[in-house]
Amino acid sequence: MNKTAHQMLVIFGASGDLTARKLIPALFNLYKGKHLPENFVVLGVSRSDLTDKEFRKKVVLESTYLKEKMDGEAEDFIKAFSDKLFYEDLGRDYDISYDRLHKRISDLNSKYRTGNNFIFYLSTPPGIYEVIAKNLFDQGLSDESQGWKRLIVEKPFGYSLETARKLNQGLQQYFNESQIYRIDHYLGKETVQNLLVTRFANSIFEPLWNRNFIRHVEITNAESVGVEKRGGYYDKSGALRDMFQNHLLQIVSLVVMEPPIADGAEEIRNEKVKALKSLRIMNDEKTLFKNTIRAQYVSSVVNGEKVKGYREEDGVDPESTTETYAAIKFFVDNWRWKDVPFYVRTAKKMPTKVTEVVIHFKSPHHHIFQDSSANNKDNKLIIRIQPDEGILMKFGVKVPGQGFKVERANLDFYYSSLVETHVMEAYERLLLDAMQGDATLYARADEVEAAWEFVDPILNYWEDGKDVKVYGYSAGVWGPTNADELIDGLYMWRNPGENLSDDPGFCVIC
Ligand code: BG6
């Protein structure tokens, strides 16, 4: 186990949802697992008028997000954890003098001997990241001459290539790139990291991991939920910005990348950037028309109950054309992947929640035996990112009896079978990494920009393109059925589950 230095975690936006829902539960798990350093405090900062006691009550003692985790734990044990938490009210604005905040940080640092090592976690709207960074800098709080200083920023990191670049330049005026940790919680998922191990710790997959053996790659991210209470944010974002530009392209980069020379942060991130830069950027309208599909869920009936359409959700413009479904076909211009199509989709209001990577291997060059259907002919490697984290290989076996009828069988591994192992939650893992200064699972500036370079033309086309359409799909089905046409040949998307609504199909919304 790596040693974690004494430190203070300063969370900006601490009265917000993310702190209570994800950050504090992740810290509690780290505390339970004895991963926190001996001298450690959390200072919550935001514009709400709270005392230390009220903050502790809100995010620990009375938090519904922690209730289950705290069940069965001794009162003293919980109290010792909540005593590590403090709160500072910033007042009316994030852009005010940080003199008082600085003094509070210094007092806590001296009293609890946190070694002048500070992480500043920005869980605020991105519009104020730069202001906070500047104010910290003005107070000398990015200076590393005594103790290290790190800045963690949440997504969305930019709204377009231009805004992402501006944000990078803005932050880099006050913190060095090596101090900036851009969080993408998908990278904290055990099975996303396992992609690297599957590829580079086995000699049976990597030799096949190329255009000679792989027919196509399919990545699905489906959520059964809709936009819930985030309609206001989501309507200005859409699936491509919300999920594809970050989480899904991170997964793509791990599938596409070349073997790094070692497992260090820079070696891995260099290869990921190279991978993202090799995605073929689609610029002309014809290609964008053929290779991208955007759609929105419309109201439907699931189990006899009416389910709202996207345009009826709170905070959503009733004439919105924002996509809740995005499917993109693209190619990777390098030696390994030439001519191998990648199909990636993400959507809300699907029949189930699932994220998986499916590697479709080419079928045997000469068919001796009769297989049942095109979809059933290939070997598939399915990397299940969530839920049921694991790996599944589909291969042909003989159906017992006369002749040679072939069926697909499964060879599988599920993390849940490792009874003794505690699989860290994404935020738990990522926070611990940042505390230890390991940036491997954080996105670097050039990585984020490379992802935007690919996404920008699609967004522009969807906004201003000529023949561009928004399709409708019923809430509870696997997206608009015409999305199957994106996939070459007789193949279709692999849909792990049944439609929930009786009306699959699609309509044109506009
Ligand atoms: C977030 C998106 O980044 O990821 C949400 O903003 C989405 O819209 C969420 O629901 C999905 O995360 P997970 O870990 O539940 O797949």
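About the criteria used
- Every residue gets a number counted from 1 within its own chain, in the order that chain's sequence is written.
- Under the rules for a predicted model, residues below a pLDDT of 70 receive no local features and side-chain atom pairs below 80 are neither given nor counted, while totals for whole chains, interfaces and linings still include all residues.
- Just so you know, side-chain values use all the structure's heavy atoms and leave hydrogens and water out.
- Secondary structure follows DSSP: runs of H or I at least 4 residues long count as helices, runs of E at least 2 residues long count as strands, and numbering of each begins at the N terminus.
- Only protein chains enter the area calculation, which uses a 1.4 Å probe; residues under 20% of their type maximum are buried, those over 50% are exposed, and those in between are partly exposed.
- Contacts between residues were defined by any pair of non-hydrogen atoms, one from each residue, lying within 4.5 Å.
- Here, patches come from residues exposed beyond 30% relative accessible area and free of salt bridges, joined within 9 Å for like charges and within 5 Å for nonpolar side chains (Val, Leu, Ile, Met, Phe, Trp, Tyr).
- The accessible surface values rely on the Shrake-Rupley method and a 1.4 Å probe; as for residues, cover is taken only from the protein chains in view.
- By definition here, a salt bridge exists when the distance from a side-chain nitrogen of Lys or Arg to a carboxyl oxygen of Asp or Glu is within 4 Å.
- Under this rule, positive means Lys or Arg and negative means Asp or Glu; His and the chain ends count for nothing.
- Working definition for charges: the position is that of NZ of Lys, CZ of Arg, CG of Asp or CD of Glu.
- For two strands to be treated as a pair, DSSP must find no fewer than two bridges joining them.
- Note on method: axes are straight lines fitted to C-alpha atoms, helices fitted across the in-contact stretch only, with angles between N-to-C directions ranging 0 to 180 degrees.
- For the purposes of these results, a polar contact is taken to be a pair of N or O atoms within 3.5 Å, where, inside protein, one atom must be able to donate a hydrogen and its partner to accept one; residues adjacent in sequence count only when each atom of the pair is a side-chain atom.
- The directions considered for the arc run from the helix axis to the C-beta atoms.
- Aromatic pairing here means that ring centres of Phe, Tyr or Trp (its six-membered ring) are within 6.5 Å. Orientation follows from the plane angle: under 30 degrees is stacked, over 60 is edge-to-face, and everything else is tilted.
- Only lysine NZ and arginine CZ atoms are considered, and such an atom sits over a ring when it is within 6 Å of the ring centre and within 35 degrees of the ring normal.

Asks: Could you give an account of the side chain of Asn482, with specific residues and numbers?
Replies: Structurally, Asn482 is set in the loop between strand E17 (471–474) and strand E18 (507–508). For Asn482, a relative accessible area of 7% translates into the label buried. Other than its neighbours up to four places away in sequence, Asn482 contacts Ile293, Tyr471 and Phe506.

Asks: Could you give an account of a negative patch on the surface, with specific residues and numbers?
Replies: A cluster of acidic residues, Asp284, Glu285, Glu463, Asp464 and Asp467, forms a negative patch on the protein surface. Topologically, Asp467 is positioned in the loop between helix H14 (445–464) and E17. With relative accessibility at 45%, the residue Asp467 sits in the partly exposed group.

Asks: Quick one: what's the story with the sheet that holds strand E12 (residues 342–347), residue by residue and with numbers?
Replies: Strand pairing within a sheet occurs via backbone hydrogen bonds; the two strands may be parallel or antiparallel. The strand order across the open sheet formed by 10 strands is E16-E15-E14-E13-E7-E12-E11-E8-E17-E18, and the pairing between neighbours is mixed. The outermost strands of the open sheet, each flanked by one partner alone, are strand E16 (406–414) and E18. Where strand E11 (residues 325–330) meets E12, 6 bridges bridge the pair, whose relative direction is antiparallel. Directly across from Ala326, in E12, lies its bridge partner Thr346. With respect to the sheet, helix H8 (residues 190–200) is in contact with strand E14 (380–386) and strand E15 (390–398), its orientation differing from that of E14 by roughly 145°.

Asks: Explain the pattern of salt bridges to me, and be specific about the residues and the numbers.
Replies: Tallied over the entire structure, the rule returns 35 salt bridges. Where Arg182 meets Glu177, a salt bridge forms, and the shortest distance between an N and an O atom there is 2.9 Å. Note on Glu177: relative accessible area 25%, which makes it partly exposed. Among the salt bridges present, the one from Arg336 reaches Glu206, with a minimum N-O distance of 2.9 Å. Within this pair, whereas Arg336 is found in the loop between E11 and E12, its partner Glu206 is found in the loop between H8 and strand E7 (214–222), the two being separated by 130 residues in sequence.

Asks: Any chance you could break down the side chain of Thr292 for me, citing the residues and the numbers?
Replies: Tracing the backbone shows Thr292 in strand E8 (residues 292–298). Of the polar contacts made by the side chain of Thr292, one reaches the backbone oxygen of Leu288; its length is 2.7 Å. Only 3.1 Å separates the side chain of Thr292 from the side chain of Trp462, close enough to count as a polar contact. Residues within four places of Thr292 in sequence aside, it is in contact with Met282, Ala327, Ile328, Ile458, Tyr461, Trp462 and Leu486.

Asks: Lay out helix H2 (residues 52–61) in plain terms, naming residues and giving numbers.
Replies: Looking only at H2, the buried set comprises Phe55, Arg56, Val59 and Val60. Take H2 and look down its axis: the buried residues cluster within an arc of 100°, on one side only.

Asks: Describe the sheet that holds strand E4 (residues 118–122), and please don't skip the residues or the numbers.
Replies: Sheet architecture is open: 6 strands sit in the order E3-E2-E1-E4-E5-E6, paired in parallel fashion. The sheet is open, and its two borders are formed by strand E3 (85–89) and strand E6 (180–182), each paired with just one other strand. Mean inter-strand twist for the sheet, computed between neighbouring axes without regard to direction, equals 20°. Two elements, strand E1 (residues 7–12) and strand E2 (residues 40–46), share 6 bridges in a ladder whose sense is parallel. Paired with Leu9 across the two strands is Val42, which belongs to E2. With respect to the sheet, helix H1 (residues 17–32) is in contact with E1, E2, E3 and E4, its orientation differing from that of E1 by roughly 165°.

Asks: Residues and numbers for the environment of Glu407, please.
Replies: Mapped onto the elements, Glu407 comes out in strand E16. For the pair formed by Glu407 and Phe395, sequence separation is 12 residues and the distance between their alpha carbons is 8.0 Å.

Asks: How would you explain the packing of aromatic side chains if you had to name every residue and give the values?
Replies: In total, this model carries 22 aromatic pairs according to the counting rule given. What links up through ring pairs into an aromatic cluster is the set Tyr234, Tyr297, Tyr310, Tyr325 and Tyr473. In this arrangement the basic side chain of Arg150 is found over the ring face of Trp148, its NZ or CZ atom lying 3.5 Å from the centre. The ring centre of Tyr159 lies 3.7 Å from the NZ or CZ of Arg241, which sits over that ring.

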